[in-house]
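Working through the structure, step by step
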Amino acid sequence: MRKILFFILFMLCLTYIHGKPDIQLSDVNVYSELKSKLSDNTNKLSKNYEIFQEVNFKLKSQITEDLSAWIKFKSEYLQFHWKKDDRFLFINSMALEYQLNPVSKMMLGSIMVNYSPYVAMSFPWVHDLFRGLAFEYTSYQLYIHTFIANNGDNPDETTWSPPVDFDLDYRFIDKGYDAKGQQQEYPTLWAGLKATYAMDRNPVFTPDLTFYYFRENYTKRDYKSGYVDINDNNICGLELNFNLLDYAEFKNFGALTMNKTDKYTAITNYYGAGKTRMDYDKMEYGKYYAGKLRMEIDDIFSGLLYQFNTRGFIEYEYVDSLYHPTYMNQNLDNRTINPYDNVFSGREGAWVGVEQHVGLGFYPGVGYQRYLYKNSYYHNFPDGSVFTEKQITLKNDLIRQFRVFFIYQMIEMAKGTLPEGEKKMNSFYIRIQSDIVNNVYLELEYSRNKEYFERYDEMLIKFFVWGW
């Protein structure tokens, strides 16, 4: 409460010094979600009708013509029917922004980092991860975002499935205690850069090039097993997108993770109760790769024989089993059960699909995948498995009040087995979206035989109201 009052008082003082008070309420929204895991599978627990809700809003102040401040209040994203005492609003994030010129600005405080699904993704509900200094430049051809900050994220591993014994601390580097009983702890340092250059429009060849850099700095400790790892990892990525002859669009991405880990042996209670001594053992270093090549064509036949609106794509993806940056899309609670929205480490293969417009915005289609899953960070197929997947799809993207995405999957293992020993399985996923009115959004997602487990389904209903 003192932090809230201090920041509001700070904005008021600055505003009065430089002009009339100008504090505005904005970005008001309520997000509600109903989750159900419907399981007859003994390997997966059934959790029916868990309701989650989050409320947030912003206070903004235009202190001077170039200097502004904002503070974001939100409630915890938590179950609606319990932990009611934790549902109070708190400060999620706050920042000062200084407009250097019409195309660039500096930010001090909470920083939004949203780079790439393969490097670092962030969403509004986890805004308060990075707290430090950032710079942003935006023009019609060049975009630059760079930051250096401490990380405010402290994962709750007890909620993971399955539960884990180790503890990740993204906020502090902890080297234990010294002989004087002093804890050797200091804040982590994270940094990043995204730079995009887009060429002038050309009907023959129009590329845009993006360079990514992301530095991770965190501690992973497991006192039960007697080890502490201090990680200082660097991820570099390059993205090249271009259209060719106004016919095909290419989306290509490649990234390299350079993992550096200083490994320590932890001797608990060495200097007294709760005071751990850590002895340096060695440094481990590894390089892990990820990449994707994708070609999309909006109208394959281009009117040949009066055939229009046939869309198609072909994609190849490779992700090392140990390629998993902390904020890669695989690892986040992105509040969807869509099997194709995530990046999965340990996967390599190709995907091809074609769909035809039949009117009213509906596109029925077919697809085919062939993927190798290695011993993965996310999906565990012992000794690696190769599966083929035939797909029937239906999409609609014309009417805002009713949009649908449906995919029926016929999975067959070409090598190995599914997690429960089967060779074949059918599953489906459906998503229905509706902007009921301009500021009310409703979405339903349902997945049958989720995560390659039979008789394990998941349902998700989202309700979002904002702007009042």
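This text gives an overview of the structure that appears in the document. Remember, predicted model here, so these are calculated numbers, not experimental data.

A closer look at the overall build of the protein
Each helix and strand in the protein was counted, giving 1 helix and 24 strands. Classification of the 468 residues of the protein by burial places 45% in the buried group. Within the protein, residue pairs in contact and separated by at least 24 positions form 55% of the contacts whose partners lie at least 6 positions apart. When the accessible surface of the protein is split by element, carbon and sulfur atoms take 59% of a total near 24,600 Å².

Concerning the packing of aromatic side chains
On inspection of all chains with the given rule, the structure shows 29 aromatic pairs. Judged by centre distance (5.1 Å) and plane angle (20 degrees), the rings of Phe57 and Phe73 are stacked. Linking Phe57 in strand β2 (residues 47-62) with Phe73 in strand β3 (residues 67-74), this pair joins segments that are 16 residues apart in sequence. A single burial state applies to Phe57 and to Phe73, both of which are buried. Aromatic side chains Tyr264 and Tyr280 sit 5.4 Å apart centroid to centroid with 70 degrees between the ring planes, which places their arrangement in the edge-to-face category. Residue Tyr264 is found in strand β15 (residues 248-267), and its partner Tyr280 is found in strand β16 (residues 277-297); the two are separated by 16 residues along the sequence. Members of the aromatic cluster, joined through ring pairs, are Tyr115, Tyr118, Phe130, Phe147, Tyr170, Trp190, Tyr212, Phe214, Tyr218, Phe253 and Tyr327. A cation over an aromatic ring shows up here: Lys58 above the ring of Trp70, its NZ or CZ 4.3 Å from the ring centre.

Notes on the pairing of strand β23 (residues 440-448)
Pairing of strand β22 (residues 424-437) with β23, which is carried by 9 bridges, proceeds in the antiparallel orientation. Looking across to β23, one finds that Arg431 is bridged to Glu445. Where β22 folds back on β23, the antiparallel hairpin that results is connected by 2 residues. Here 8 bridges tie β23 to strand β24 (residues 456-466), and the two strands are oriented antiparallel to one another.

Some thoughts on the environment of Gln307
With respect to the helices and strands, Gln307 occurs in the loop between β16 and β17 (310-319). Residues within four places of Gln307 in sequence aside, it is in contact with Asp299, Phe301, Ser302 and Gln356.

Looking at the side chain of Ser68
With respect to the helices and strands, the residue Ser68 is situated in strand β3. Here Ser68 falls in the buried class, since its relative accessible area comes to 16%. Look past the residues within four positions of Ser68 in its chain and what remains in contact with it is Ser61, Gln62, Ile63, Ala95, Leu96 and Glu97.

Observations concerning the pattern of salt bridges
Considering all chains together, one arrives at 25 salt bridges under this definition. Between Asp279 and Arg277 there is a salt bridge whose closest N-O contact spans 2.8 Å. Take Asp279: its relative accessible area is 27%, and that puts it in the partly exposed class. With relative accessibility at 25%, the residue Arg277 sits in the partly exposed group. Within this structure, Asp167, Asp169, Arg171, Asp174 and Arg221 form a network of salt bridges that share partners.

Brief notes about the nonpolar core
Phe130, Phe147 and Phe214 are the most contacted members of the largest nonpolar core, which totals 28 residues. The dominant element in this core, judged by the number of residues it contributes, is strand β13 (residues 205-222), at 3 residues. Filtering out sequence-adjacent residues up to four positions away, Phe147 remains in contact with Ile111, Val113, Tyr115, Phe130, Leu133, Ala134, Trp190, Ala191, Gly192 and Phe214. Counting residues in hydrophobic clusters, the runner-up holds 17 residues, among them Ile337, Tyr340, Ile407 and Met413.

Side note on the side chain of Arg311
Along the chain, the position of Arg311 falls in strand β17. Side chain to side chain, Arg311 and Glu355 meet in a polar contact 2.7 Å long. Excluding residues within four positions of it along the chain, Arg311 makes contact with Ile297, Asp298, Ile300, Gly353, Val354, Glu355, Tyr363 and Asp397.

Re the environment of Lys275
Note on placement: Lys275 falls in the loop between β15 and β16. On the accessibility criterion, Lys275 (28% relative accessible area) is partly exposed. Through-space distance from the C-alpha of Lys275 to that of Tyr177 is 6.0 Å; in sequence the pair is 98 residues apart. The contacts of Lys275, once residues within four sequence positions are left out, are Tyr177, Gly181, Ile267, Thr268, Asn269 and Tyr270.

Describing unusual backbone geometry
Positioned with a positive phi, Glu451 is a non-glycine residue whose angle comes to about 55 degrees. Among the structural elements, Glu451 can be located in the loop between β23 and β24. In this structure, Arg455 takes a positive phi of about 60 degrees despite not being glycine. Examined against the element boundaries, Arg455 turns out to sit in the loop between β23 and β24. By relative accessible area, which is 41% here, Arg455 ends up partly exposed.

Let's talk about the pairing of β2
Pairing analysis gives 12 bridges linking strand β1 (residues 23-39) to β2, with the strands arranged antiparallel. Bridge pairing in β2 places Glu33 opposite Phe52. Joining the antiparallel neighbours β2 and β3 is a turn of 4 residues.

Focus on the environment of Asn439
Turning to its location among the elements, Asn439 is positioned in the loop between β22 and β23. What makes Asn439 partly exposed here is its relative accessible area of 26%. Once the C-alpha coordinates of Asn439 and Gly467 are considered, the two residues, 28 residues apart in sequence, prove to be 6.3 Å apart.

Let's talk about a nonpolar patch on the surface
Side chains of Ile436, Val437, Leu442, Leu444, Ile461 and Phe463 sit close together on the surface and give an oily, nonpolar patch of about 440 Å² of accessible area. Elements with a contribution of two residues or more to the nonpolar patch: β22, β23 and β24. Residue class for Ile436 comes out partly exposed when judged on its relative accessible area of 42%.

Here is what the cut-offs are and how they apply
- Residues numbered from 1 in each chain as written.
- Predicted model: local features only at pLDDT ≥ 70, side-chain atom pairs only at ≥ 80, totals over all residues.
- Heavy atoms only, no water.
- Helix = DSSP H or I, 4+ residues; strand = E, 2+ residues; numbered from the N terminus.
- Buried < 20%, exposed > 50% of the residue type's maximum accessible area, 1.4 Å probe, protein only.
- Contact = heavy atoms within 4.5 Å.
- Areas by Shrake-Rupley, 256 points an atom, 1.4 Å probe, with all protein chains shown as cover.
- Phe/Tyr/Trp six-rings, centres within 6.5 Å; stacked < 30°, edge-to-face > 60°.
- Lys NZ or Arg CZ within 6 Å of the ring centre and 35° of its normal.
- Pairing = 2+ DSSP bridges.
- Salt bridge = Lys/Arg side-chain N within 4 Å of Asp/Glu carboxyl O.
- Core = buried A, V, L, I, M, F, W, Y, C linked by side-chain atoms within 4.5 Å.
- Polar contact = N/O pair within 3.5 Å; in protein donor to acceptor, adjacent residues only side chain to side chain.
- Patch = residues over 30% accessible without salt bridge, like charges linked within 9 Å, V, L, I, M, F, W, Y side chains within 5 Å.

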